[in-house]
Amino acid sequence: MAGPGMTPPPFQRAVDTLQAILDGPQLRPELELEDMPAPQRLAPYSAAIAGSVYREDDSEVAMGRLIVLYDPEGRSGWSGEFRIVAYIRADLEPEIAADELIGSVAWSWLLEALEPAGYAGVSGTITRAVSESFGDKSDEPSTTELELRASWSPTGEDLIGHVAAWCEVMCTTAGLPPTGISALPDREGGRSK
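The rules behind each value
- In this convention, every chain numbers its residues from 1, walking through the sequence in written order.
- Side-chain atom pairs in this predicted model are given and counted only at pLDDT of 80 or more, local residue features only at pLDDT of at least 70, and totals for whole chains, interfaces and linings cover all residues.
- Side-chain metrics in this entry use all non-hydrogen atoms of the structure; hydrogen atoms and water are not considered.
- Three labels apply to residues, based on accessible area from a 1.4 Å probe with only protein chains included: buried if under 20% of the type maximum, exposed if over 50%, partly exposed otherwise in between.
- A run of H or I in DSSP counts as a helix once it spans at least four residues, and a run of E counts as a strand once it spans at least two, with each numbered from the N terminus.
- At least two bridges found by DSSP between two strands are what make those strands a pair.
- Between the N-to-C directions of two axes lies an angle of 0 to 180 degrees, each axis being a line fitted to C-alpha atoms and, for a helix, fitted only over the stretch in contact.
- Here the angle decides the label: under 35 degrees means roughly parallel, over 145 means roughly antiparallel, 65 to 115 means roughly perpendicular, and every other value means oblique.
- Each helix crossing is assigned a hand: it is left-handed if the near helix lies turned anticlockwise from the far helix by less than a right angle, otherwise right-handed if that turn is clockwise.
- Residue contacts are counted whenever heavy atoms from the two residues lie within 4.5 Å of one another.
- Residues are grouped as follows: Ala, Val, Leu, Ile, Met, Phe, Trp, Tyr, Cys and Pro are nonpolar; Asp, Glu, Lys and Arg are charged; all remaining types, including Gly, are polar.
- Of the grid points, spaced at 1 Å and generated over the protein atoms alone, those admitting a 1.4 Å probe that cannot get out make up cavities, while open sets with protein on both sides within 12 Å along at least five of seven lines make up pockets; any residue with an atom within 4 Å of a point is treated as lining.
- Grid points are joined across faces, edges and corners, and a volume is the space filled by probe spheres set on the points.
- Only buried residues count toward a nonpolar core, which is a set of Ala, Val, Leu, Ile, Met, Phe, Trp, Tyr and Cys residues joined through side-chain atoms within 4.5 Å.
- Here a Phe, Tyr or Trp ring, Trp counted by its six-membered ring, pairs with any other such ring whose centre lies within 6.5 Å, and the pair is stacked when the planes are under 30 degrees apart, edge-to-face when over 60, and tilted otherwise.

Caption draft 1: Representation of the pairing of strand E3 (residues 60–70) in the model. Among the 11 residues that make up E3, nine are buried, leaving the element largely enclosed by the rest of the structure. Both strand E2 (residues 45–54) and E3 contribute to a ladder of 10 bridges, which runs antiparallel. Following the sheet pairing, Ala48 is matched in E3 by Ile67. Where E2 hands over to E3, the hairpin turn is made up of five residues, of which Asp58 adopts a positive phi near 70°. Here E3 pairs with strand E4 (residues 82–92) via nine bridges, running antiparallel. What sits directly across from Gly64, in E4, is Ile88.

Caption draft 2: Representation of the packing of helix H3 (residues 102–114) against helix H4 (residues 160–173) within the structure. Running from N to C, H3 and H4 point in directions that differ by 150°, and their axes come no closer than 9 Å. Here H3 lies roughly antiparallel to H4, going by the angle between them. Read as a crossing pair, H3 and H4 show a hand that is right-handed. Each of Trp109, Leu110, Ala113 and Leu114 in H3 lies in contact with H4, whose residues at this interface are His162, Ala165, Val169, Thr172 and Thr173. Of the residues belonging to the contact of H3 with H4, the class tally is six nonpolar, three polar and no charged.

Caption draft 3: Structural detail: the layout of surface pockets. As a volume, the largest pocket reaches approximately 510 Å³. Lining the largest pocket are 22 residues, and of these Arg55, Val61, Ala174, Gly175 and Leu176 lie nearest its centre. For the lining of the largest pocket, the secondary-structure elements that each account for two or more residues are E3, E4, H3, strand E6 (143–154) and H4. It is E6 that contributes the most residues to the lining of the largest pocket, three residues altogether. Of the residues contributing to the lining of the largest pocket, the split by class is 10 nonpolar, six polar and six charged.

Caption draft 4: How the structure looks around the nonpolar core. One finds Val53, Leu66, Trp152, Val163 and Trp166 to be the most contacted residues of the largest nonpolar core, which totals 41 residues. Those elements that place two or more of their residues in this core are helix H1 (9–23), E2, E3, E4, H3, E6 and H4. For this core, the element with the most residues is H4, which contributes seven residues. In this view, Leu66 contacts Ala47, Ala48, Ile49, Ile84, Val85, Ala86, Trp152, Val163 and Trp166; residues no more than four positions away in its chain are not counted. Counting residues in each nonpolar core, the second largest holds six residues, with Ala38, Ala43, Ala48 and Leu69 among its members.

Caption draft 5: Spatial organisation of the environment of Ala43. Inspection of the secondary structure assignment puts Ala43 in the loop between strand E1 (31–36) and E2. It is 9.4 Å that separates the C-alpha atoms of Ala43 and Gly74, two residues lying 31 residues apart in sequence.

Caption draft 6: Here's a closer look at the packing of aromatic side chains. Taken as a whole and assessed by the stated rule, the structure comprises four aromatic pairs. Measuring from centroid to centroid gives 5.6 Å for Phe11 and Tyr45, while their planes differ by 40°, and the two rings are tilted. Placement of the pair is Phe11 in helix H1 and Tyr45 in strand E2, with a sequence separation of 34 residues. Here the aromatic rings of Tyr70 and Phe82 are separated by 4.7 Å at their centres, their planes lie at 50°, and the arrangement is tilted. Separated by 12 residues along the polypeptide, Tyr70 in strand E3 and Phe82 in strand E4 bring together distant segments of the chain. With respect to burial, Tyr70 and Phe82 carry one shared label: buried. A network of ring pairs unites the aromatic residues Phe11, Tyr45, Tyr70 and Phe82 as a single cluster.

Treat this as a map of the structure, not an account of what it does.
Here's what the structure looks like:
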């Protein structure tokens, strides 16, 4: 049992994993991760990181937060002592946002990314939002966004795969190709013959 000022070893290993990811080599050049304050009322122990995905022109196209919750006694709805809460918001092209299946597709990206890491009790929501400007802002273009909110319980204590899955989904929703795949460069003059 942890006393005042003592961190349970499983949670300390989780914090050490997050810190190693933050201190380690960049996962992708377009992705920046940083430490952030964790919410204190969701579980006895919590840690969090934030991430942003940038285009070559340094404009942010996606952002997210990953929160690791730990309760040595577990909680109702958790499959174990840990629970991970993820949030991702990404700009979408209007034609992609108009696709009725984008929510299902984005959810499948999350499940596929989590599969190698092992998870249980996944739940969440996906929201598409269109913002239109009026009045003095009427010159600003409409924007479309996708927001993914999810939580799941890892089936083991190693969180590296869970952080990697969150990063991959954040990059995918931003329109980047999967890790290890390069986008084809645009060709001058349209289609090749």
